[in-house]
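# Working through the structure, step by step
Each chain, written out:
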Amino acid sequence: AGAVVEISKVSTNSITTKLLSSNKIHTSSKTLFSKIYSDLLINNQKWNNYTPNFEDIFHGLEILAGLFTQDNAAPEFKPIYKYFTTVKDDYQQFDPYKMDITLSLAFSDLLKIITDSIESYSALPVTNWYQDFFLNLSKHYNLDIFNLNYDNLFEKIFENYNDGFENSKDNGTYIE
């Protein structure tokens, strides 16, 4: 949350597909991502239009990390739901305290896929049609638009803007 995807080939679906099929991530991460995705899909079949995405998988990782918090952790680090539930047996294989650092690797791999996806479009120059879209539209139509979404289409109208995010790659461009 917080990053915005402009009009591009990057989408929730494309990031999810990369996450589930990438050969550049750890095998244990891919197995965990597939398990979370599959469980979400199977357990939500009554919702015909529901398809899990990378954000759902990320949330699943967060919940698992909380459930795998050590019992002797200080109360401020232990989520309250840990007192009321346990991890399903088929997720015990991913416990970072019993095997390797699976959850840590999974978070790292997921964030790498997201970062690479964002950077695939963030350094591209803004196209004129995109930058002037609403300006040109307003010449032909009376626009009355109000949006509380995290959309940044309006930022693209202005030549200079700062979305608050820096590219994580050394050779990335950053507009101040």
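Let me sum up the structure you'll find in this document. Worth saying up front: this structure is predicted, and the values here are computed from it rather than measured.

For the rest of this paragraph, the subject is the pattern of salt bridges. Here the structure, examined in full by the defined rule, presents 4 salt bridges. A salt bridge links Asp-90 to Lys-35; the nearest nitrogen and oxygen atoms lie 2.5 Å apart. With Asp-90 in the loop between α3 (54-67) and α4 (102-122) and Lys-35 in helix α2 (residues 27-43), this pair connects stretches of sequence that are 55 residues apart. Across the salt bridge formed by Asp-71 and Lys-82, the nearest N and O atoms sit 3.3 Å from each other.

So, about the side chain of Ser-14. Residue position: Ser-14 is located in helix α1 (residues 12-21). Here Ser-11 takes part through its backbone nitrogen, which lies 2.8 Å from a polar atom of the side chain of Ser-14.

Before going further, it helps to spend a moment on the packing of aromatic side chains. Evaluation of the coordinates by the stated rule reveals 2 aromatic pairs. Between Phe-58 and Phe-107, the ring centres sit 5.6 Å apart and the planes meet at 75 degrees, which makes this aromatic pair edge-to-face. Note that Phe-58 is positioned in helix α3 and Phe-107 in helix α4, a separation of 49 residues in sequence. A ring pair is formed by Tyr-91 and Phe-94, whose centres lie 6.0 Å apart and whose planes are at 50 degrees; its orientation type is tilted. The buried category is assigned to Tyr-91, whose relative accessible area is 8%. The exposure class assigned to Phe-94 is buried, which follows from its relative accessible area of 3%.

Examined against the element boundaries, Asp-39 turns out to sit in helix α2. In this structure Asp-39 comes out as buried when scored by relative accessible area, which is 15%. Beyond its immediate stretch of four places on either side in the chain, Asp-39 contacts Asp-90 and Tyr-91.

Scoring rules and cut-offs
Residues numbered from 1 in each chain as written. Predicted model: local features only at pLDDT ≥ 70, side-chain atom pairs only at ≥ 80, totals over all residues. Heavy atoms only, no water. Salt bridge = Lys/Arg side-chain N within 4 Å of Asp/Glu carboxyl O. Helix = DSSP H or I, 4+ residues; strand = E, 2+ residues; numbered from the N terminus. Polar contact = N/O pair within 3.5 Å; in protein donor to acceptor, adjacent residues only side chain to side chain. Phe/Tyr/Trp six-rings, centres within 6.5 Å; stacked < 30°, edge-to-face > 60°. Buried < 20%, exposed > 50% of the residue type's maximum accessible area, 1.4 Å probe, protein only. Contact = heavy atoms within 4.5 Å.

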